[in-house]
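Spelled out from the first residue to the last, the chains are:
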Amino acid sequence: MTEPTPVPDVAGGGSRTATVTSPSAAHVGTSSEAHDSAAHAPTGTNGHHAEGEAAPDAHADEVCPHNGYAVTASAGRPAHPASESRTADDVEAGIIALWHTYGQSHQQVLRDRLVLHYAPLVKYVAGRVGTGLPAHVDVADLIQSGIFGLVDAIEKFEPERGLKFETYAMQRIRGAILDDLRSQDWVPRSVRSRARDVERALERLGASLQRTPTDRELAVELKIGLAELRELYAQLQLTSVVALDELIAAGRTVGGAGASLAESLPDEGAEDPIATLVDQDSRRQLADAIAQLAERDRVVVTLYYFENLTLAEIGKVLGVTESRVCQLHTRAVLRLRTKLNEQLEA
């Protein structure tokens, strides 16, 4: 049997091994084998078992009908459940037998049992991949993509080659996660590659110059022209993504919760509350000034500005000429301007 590879435990504490080798290496104890070993146990001179040895019992070794694991119970004590009495060797032997059975039948139920057993691998790989990703990428999404990679690894793995499944599966899981991330990225891979080149060049120049390099120095380092560098800057702007629900300040709170970037964006279509108050106050002052005009002046202003009548039409209503209406309108406007100035100065 090959050297077992540690697999991260589900609870995060410790590790267990699960190495898949050839099916012939699997050996699960049965009740008959247990009785044979008990028959050769050392006995005393009188035919009884020596002191300190447990007497054999007909039900001391039982085989679990579901997974074939041998469950041993001491004499005088009831047998514990299989989940409490199985050792690491039992688990390893059961997984080897499960691989052997799955290789013959390829049943979905057996595949699901293998997926549950190796599920901690997905969480481990997703955590490693998610370390260098932006904060808006959820690790749960990476785990979901990695599960598909694990299923594909189980279906394509060949145990008879004698390879470790953990090493093979981790590569398939990582590849599935990266493929899913690339499919969701709207930026071409060439632009991503150029962005990494620019970052490395900035780091090199910053370390050598002990200051922020200029665009001309960066262009020389990248062996491109200044115009090409500025065009590259325009392409790299697409790679900068900011989550609208991300907090913009640690100490800033709105309504007991952290303020997000979406709450700080201006709404161009929203009404300005200050402008609305000023407009309402101006309308009130204008209405008061119109109320203080003479009756004929007030009629001219009302018909001209609110009823949208022409000067000729207003003249017909008042029974005067159009020129007289023009004089009345000019006088009313001057009086209104005087009234409004007095209100502003008051």
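Residues numbered from 1 in each chain as written. Predicted model: local features only at pLDDT ≥ 70, side-chain atom pairs only at ≥ 80, totals over all residues. Heavy atoms only, no water.

Peer 1: Even after reading the chapter, I still don't get the pattern of salt bridges, so can you show me in this structure?
Peer 2: Two side chains with opposite charge may pair up if their charged atoms get near one another. Under the defined criterion, the tally for this structure stands at 13 salt bridges. With a shortest N-O distance of 3.6 Å, D288 and R284 are connected by a salt bridge. With D288 and R284 both in helix α12 (residues 273-291) and four residues apart, the pair spans about one turn of that helix. Since its relative accessible area comes to 34%, D288 is described here as partly exposed. A network of salt bridges, in which partner residues are shared, links R111, D112 and E155. (Salt bridge = Lys/Arg side-chain N within 4 Å of Asp/Glu carboxyl O. Helix = DSSP H or I, 4+ residues; strand = E, 2+ residues; numbered from the N terminus. Buried < 20%, exposed > 50% of the residue type's maximum accessible area, 1.4 Å probe, protein only.)

Peer 1: Any chance you could explain the packing of aromatic side chains here in plain terms?
Peer 2: Two measures describe an aromatic ring pair: the distance that separates the ring centres and the angle between the ring planes. Per the counting criterion, the structure on display carries eight aromatic pairs. Ring geometry for F157 against Y168: centres 5.7 Å apart, planes inclined by 35 degrees, an arrangement best described as tilted. Of this pair, F157 sits in the loop between α6 (139-156) and α7 (165-184) while Y168 sits in helix α7, and the two are eleven residues apart along the sequence. A relative accessible area of 9% places F157 in the buried class. Of the residues examined, Y168 reaches a relative accessible area of 27% and is grouped as partly exposed. One aromatic cluster in this structure is built from W99, Y102, Y118, F157, F165 and Y168. (Phe/Tyr/Trp six-rings, centres within 6.5 Å; stacked < 30°, edge-to-face > 60°.)

Peer 1: Got a minute to help me understand α12 in this structure?
Peer 2: Since the α-helix turns once every 3.6 residues, residues separated by three or four places project in the same direction. Between its first and last C-alpha atoms α12 spans 27 Å; for 19 residues at 1.5 Å apiece the expected length is 27 Å, and the two agree. Here α12 has its buried residues at Q285, A289 and I290. The buried residues of α12 occupy an angular sector of 135 degrees when the element is viewed end-on, so they sit on one face. Structural note: α12 exposes P273, L277, R283 and A291 on the side pointing more than 90 degrees away from its buried face. Summarising the contacts, the buried residues of α12 are in contact with α13 (295-306) and α15 (322-345). (Expected span 1.5 Å × (residues − 1). Arc of directions from axis to C-beta. Contact = heavy atoms within 4.5 Å.)

Peer 1: What should I look at first to understand the packing of helix α3 (residues 88-105) against helix α4 (residues 108-117) in this one?
Peer 2: Closest axis-to-axis distance for the α3/α4 pair is 9 Å, and the angle between their directions is 145 degrees. Seen along the crossing, α3 lies across α4 with a hand that is left-handed. Residues V91, I95, L98, W99, T101, Y102 and S105 of α3 form the contact with α4, whose own contacting residues are L110, R111, R113, L114 and H117. Of the residues that constitute the contact of α3 with α4, the class distribution is seven nonpolar, three polar and two charged. (Axes fitted to C-alpha atoms, helices over the stretch in contact; angles between N-to-C directions. Left-handed = near helix turned anticlockwise from the far one by under 90°. Nonpolar A, V, L, I, M, F, W, Y, C, P; charged D, E, K, R; others polar.)

Peer 1: What am I meant to see in a nonpolar patch on the surface here?
Peer 2: The grouping of Y304, Y305 and F306 at the surface amounts to a nonpolar patch, some 330 Å² of accessible area in total. Considering the arrangement of structural elements, one finds Y304 in helix α13. (Patch = residues over 30% accessible without salt bridge, like charges linked within 9 Å, V, L, I, M, F, W, Y side chains within 5 Å. Areas by Shrake-Rupley, 256 points an atom, 1.4 Å probe, with all protein chains shown as cover.)

Peer 1: Even after reading the chapter, I still don't get the nonpolar core, so can you show me in this structure?
Peer 2: Burial of nonpolar side chains together is a common tendency in soluble globular proteins. The biggest cluster of nonpolar side chains holds 23 residues, and the ones touching the most others in it are W99, Y118, L150, I154 and F165. Contributions of two or more residues to this core are made by α3, α4, α5 (119-129), α6 and α7. Within the second largest apolar cluster, twelve residues are counted, among which are V191, L218, A219 and I224. (Core = buried A, V, L, I, M, F, W, Y, C linked by side-chain atoms within 4.5 Å.)

Peer 1: Teacher, can you tell me more about unusual backbone geometry here?
Peer 2: In terms of backbone geometry, most residues other than glycine have negative phi values and most peptide bonds are trans. Positioned with a positive phi, Q210 is a non-glycine residue whose angle comes to about 60 degrees. Within the secondary structure, Q210 is located in the loop between α8 (189-209) and α9 (215-222).

Peer 1: Explanation requested: the environment of L229 in the structure shown.
Peer 2: Tracing the chain through its elements places L229 in helix α10 (residues 226-236). In this structure L229 comes out as buried when scored by relative accessible area, which is 0%. Between the C-alpha atom of L229 and that of L218, which follows or precedes it by eleven residues, the distance is 8.3 Å. Leaving out residues up to four positions away in the same chain, L229 has contacts with D215, L218, A219, L222 and I224.

That is the geometry; function is a separate question.
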